[in-house]
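Read off the chains here:
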Amino acid sequence: MKKTFNLILFVFALSVAAMAQTKPTIYILATGGTIAGTGTGSNDADSEYKAGAITVNALLEAVPEINDLANVKGEQVVNIGSQDMNDEVWLKLGKRVNELLRQNDVTGIVITHGTDTQEETAYFLNLVVKSDKPVVLVGSMRPSTAISADGPRNIYNAVACAVAPESKGKGVMVVMDDKILGADDLTKTNTLSVGTFENPNYGPLGIVYGGKPIYTREPLKRHTIKSEFDITKVNKLPRVEIILSYSNATSLFVDAAVKAGAKGIVTAGVGNGNMTTVMQNSLAKYVKEGKIAVVRSSRIMTGPTAQWDEVNDDKLGFSASWYNNPYRSRVLLMLALTKTTDYKEIQRMFAEY
Ligand code: DGL
């Protein structure tokens, strides 16, 4: 009798081990945000809400179905509201992602992240990850304690994308509200809606349906293994500021940024990246003195900031951001300045990434 029991136990243990072997392994790297947030009440308008209040293990316990998809390992990188995301975390996260994806047994990575700056982190990783394995960022617009919290479904869908073979080579993605969005055009378009993320110029990469990704487009720009940017030896990123233009804007913030040590300035201009003459002359002066690089972007959400229009970029030594909004332009200019200060080289990068 005892022998039979032991045999059954042994066979069971073998089958569990075999199943674990057949399931892909993914890492969930947690950084905080609302997806890890709690509120003292169960509605969304709770004033006691706190981002990053719960850990990655608590997140995993909240969605046990994930264990049907993959062997999941969790790491807490930081636990912050993403409004406090910073260069130091970006470098730590980028290096840890590359280290894990070099491991043959790791299929992909999911990163839980606040939504406020998720588009910036996603684009940074899109430029520095040195693997074609899936890297999926995920967040939520409601804390885990809210009625109809969106986090659990978002995390499940993110893991479903991270383990899918068809997700390889898609660059860094964001999965929220059943949408798969590319880091190449990611924009938070609504302050409160669960469907806030869009790709307003390129359209979404696809959808998640029945726990499977359905892709409807490929990424349009260079990314990950095709990127020329490498942070292996980078311990500090160049300082780049974004300066808005509006009626009667002066050179006040340009002067302050240069004085504070900025090596690059991205303008969030009006229309096709235009700005007041006062601001433009100030920027051109600092470019001529070799103090900064300037990229013209626009405060308008869709359409390119194009060359060969009202601003003579070649005469001023400026570059145009094309389809990169001011926030992605800042990320790209930070990385560009780790390699060059030549405006024509920077312009090539903005045409390609
Ligand atoms: N504190 C904001 C953040 O961490 C909350 C927004 C969110 O995560 O949805 O980005």
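Reference entry: report on the structure contained in this document. It should be emphasised that the depicted structure is a prediction, and the values quoted were computed from it without experimental measurement. (Residues numbered from 1 in each chain as written. Predicted model: local features only at pLDDT ≥ 70, side-chain atom pairs only at ≥ 80, totals over all residues. Heavy atoms only, no water.)

A closer look at the overall build of the chain
The number of helices and strands found in the chain is eleven helices and 14 strands. Within the span of the chain, comprising 353 residues, buried residues form 53% of the whole. Intrachain contacts of the chain at a sequence separation of at least 6 include 72% that bridge at least 24 residues. A total accessible area of about 16200 Å² is found for the chain, and carbon and sulfur atoms account for 55% of it. (Helix = DSSP H or I, 4+ residues; strand = E, 2+ residues; numbered from the N terminus. Buried < 20%, exposed > 50% of the residue type's maximum accessible area, 1.4 Å probe, protein only. Contact = heavy atoms within 4.5 Å. Areas by Shrake-Rupley, 256 points an atom, 1.4 Å probe, with all protein chains shown as cover.)

So, the side chain of threonine 340
Note on placement: threonine 340 falls in the loop between α10 (326-336) and α11 (343-352). Residue threonine 340 is classed as buried on the basis of its relative accessible area, which comes to 15%. A polar atom in the side chain of threonine 340 sits 2.9 Å from the backbone nitrogen of aspartate 342. The contacts of threonine 340, once residues within four sequence positions are left out, are Glu345, Ile346 and Met349. (Polar contact = N/O pair within 3.5 Å; in protein donor to acceptor, adjacent residues only side chain to side chain.)

Things to note about the site of the ligand
The local shell around the ligand holds twelve residues, among which Thr34, Ser82, Gln83, Thr115 and Ser140 are the closest. Serine 82 places a polar side-chain atom, nitrogen or oxygen, 2.6 Å from an oxygen atom of the ligand. Interatomic distance of 2.8 Å between a side-chain N/O atom of glutamine 83 and a nitrogen atom of the ligand. In the complex, 92% of the free accessible area of the ligand, which totals 290 Å², lies under the protein chains. Its residues assigned to classes, the shell around the ligand comprises three nonpolar, eight polar and one charged. (Near = heavy atom within 4 Å. Nonpolar A, V, L, I, M, F, W, Y, C, P; charged D, E, K, R; others polar.)

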